[in-house]
Amino acid sequence: MPTSENEEGYSSDELFTNTNHSSNLENDLPTIFITSFGHRRGPLVPTPDISVDLRTLPNPPKNVRTGQTGLSKVLREWLFSDDQVQRRFDGICTLIQDRIRTAQANGVHEITVGVCCELGKHRSVAVVEQLGETRFKGWNVMVNHRDVHLKRSNHGRIKLDAGRHAKHDDSG
């Protein structure tokens, strides 16, 4: 059976299918909105209820991340094979469960979660996809990836010159 390729060149066999991307909810359950994003491209606006920074987690090696995003099964499997990543994921689930209890006690029907890594393409996307698979009893889960398909750019990067002073780099 032939596989189709998407615009990034991935075959359908290489991509994980998360059904929690649809905005057409067919129930009246409260919703957890989870968004991945790149720290380099700025914060989420408005600020989410829960913010998670994954930049301290190991980045997949270049041979794993080249041509892949956190939507890739290979990259996700590599990332979640690391105990540190699994522990961090479990901690994020605990944060969300705690927020659910607070929300229910206060009649709140929406929770927003922002998960970032440096570019918003690998670690944060993989973790958000895994969160999208997680069932939080009595709550819908919707995932979104703000930066996953943006091209990498050097615009606005900060570089250190020889004197170790931060200098804004607007070049190419």
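As the structure is a computational prediction, the values presented were derived from the model and not from experiment.

### So, the sheet that holds strand S3 (residues 110–117)
Strand order in this open sheet of 4 strands is S2-S3-S1-S4, and the pairing throughout is parallel. Each edge of the sheet is formed by a strand with only one pairing partner; in this case those strands are strand S2 (50–53) and strand S4 (140–145). Adjacent strand axes in the sheet meet at a mean angle of 15° when their direction is disregarded. In terms of strand pairing, S2 meets S3 through 4 bridges, oriented parallel. Residue pairing for S3: Val-52 is matched across the bridge by Val-115. Contacts from helix H3 (residues 83–105) reach strand S1 (31–38), S2 and S3 within the one sheet, and its direction differs from that of S2 by about 175°. Along the sheet, helix H4 (residues 123–133) makes contact with S1, S3 and S4, crossing S4 at roughly 160°.

### Considerations on the pattern of salt bridges
Throughout the structure, instances matching the rule amount to 6 salt bridges. One salt bridge connects Arg-76 with Glu-133, and the closest N-O pair in it is separated by 3.5 Å. Taken together, the positions of Arg-76 in helix H2 (residues 73–80) and Glu-133 in helix H4 put the pair 57 residues apart, joining distant regions of the chain. In this structure, Asp-98 engages Arg-101 in a salt bridge whose closest nitrogen and oxygen atoms are separated by 2.4 Å. Here Arg-101 and Asp-98 lie together in helix H3, a separation of 3 residues that amounts to about one turn. Taking the relative accessible area as the measure of exposure, Asp-98 reaches 35% and is therefore partly exposed. Connected via shared salt-bridge partners are Arg-40, Asp-53, Arg-55 and Glu-118.

### Looking at the packing of H2 against H4
Two quantities define a packed helix pair, namely the angle between the axes and the distance from one axis to the other. Where H2 meets H4, the axes come as close as 10 Å, and the angle between the chain directions of the two elements is 90°. One element, H2, and the other, H4, form an angle in the roughly perpendicular class. On the side of H2, the interface is formed by Leu-75, Arg-76, Leu-79 and Phe-80, while H4 contributes Arg-123, Ala-126, Val-127, Glu-129, Gln-130 and Glu-133. Looking at the contact of H2 with H4, its residues break down into 5 nonpolar, 1 polar and 4 charged.

### Quick notes on the nonpolar core
Grouped together as the largest cluster of nonpolar side chains are 28 residues, with contacts concentrated most on Ile-32, Ile-34, Ile-96, Val-115 and Leu-131. When contributions to this core are tallied by element, the ones reaching two or more residues are S1, S2, H2, H3, S3, H4 and S4. In terms of residue count, H3 provides more of this core than any other element does, 7 residues in total. Residues contacting Ile-34, with those up to four places away along its chain left out, are Val-113, Val-115, Val-128, Leu-131, Val-141, Met-142, Val-143 and Asn-144.

### Regarding the confidence of the model for the chain
On average, the chain scores 83 in pLDDT, and the residues at 70 or more come to 73%. Across residues 1–13, where pLDDT falls below 50, the model places 16 contacts with residues more than four positions away in sequence or in other chains.

### Section: H2
Residues of H2 that are buried include every one of Leu-75, Arg-76, Leu-79 and Phe-80, and no others. Buried residues along H2 cover an arc of 120° about the axis, so they all sit on one side. Among the exposed residues of H2, those oriented more than 90 degrees off its buried face are Val-74 and Glu-77. Looking at the buried side of H2, the elements it contacts are helix H1 (62–65), H3 and H4.

### Examining the packing of H3 against H4
Between H3 and H4, whose axes approach to 11 Å, the crossing angle comes to 55°. In terms of axis orientation, H3 runs oblique to H4. Of the two possible hands of crossing, H3 and H4 adopt the one that is right-handed. Where H3 abuts H4, its residues Phe-89, Ile-92, Cys-93 and Ile-96 lie against Val-127, Gln-130 and Leu-131. Of the residues assigned to the contact of H3 with H4, the class counts are 6 nonpolar, 1 polar and no charged.

About the thresholds
Along each chain, residues carry numbers from 1 onward, in the same order as the chain's sequence is written. Thresholds applied to this predicted model are a pLDDT of at least 70 for local features of residues and 80 or more for the giving and counting of side-chain atom pairs; totals over whole chains, interfaces and linings are not thresholded and use all residues. By convention in this description, side-chain values take in all heavy atoms of the structure and omit both hydrogens and water. DSSP calls a pair of strands paired once it identifies at least 2 bridges connecting them. Elements are defined by DSSP. Helices are runs of H or I of four residues or more, strands are runs of E of two residues or more, and each kind is numbered from the N terminus. Lines fitted to the C-alpha atoms define the axes, with helices restricted to the stretch that makes contact. Angles between their N-to-C directions range from 0 to 180 degrees. The contact criterion used is simple: two residues touch if any of their non-hydrogen atoms lie within 4.5 Å. Counted as salt bridges are all cases of a side-chain nitrogen of Lys or Arg within 4 Å of a carboxyl oxygen of Asp or Glu. Between buried and exposed lies partly exposed: a residue is buried under 20% and exposed over 50% of the maximum accessible area for its type, with that area taken using a 1.4 Å probe on protein chains only. Small angles under 35 degrees read as roughly parallel and large ones over 145 as roughly antiparallel, with 65 to 115 read as roughly perpendicular and the rest as oblique. All residues other than Ala, Val, Leu, Ile, Met, Phe, Trp, Tyr, Cys, Pro, Asp, Glu, Lys and Arg, Gly among them, are scored as polar; the first ten of these are nonpolar and the last four charged. As used in this record, nonpolar core signifies buried Ala, Val, Leu, Ile, Met, Phe, Trp, Tyr and Cys residues forming a set joined through side-chain atoms within 4.5 Å. You can read pLDDT as the predictor saying how much it trusts each residue, on a scale of 0 to 100. What the arc describes is the spread of directions from the helix axis to the C-beta atoms. Crossing handedness is defined as follows: a turn of the near helix away from the far one that is anticlockwise and smaller than a right angle gives a left-handed crossing, while the clockwise case is right-handed.

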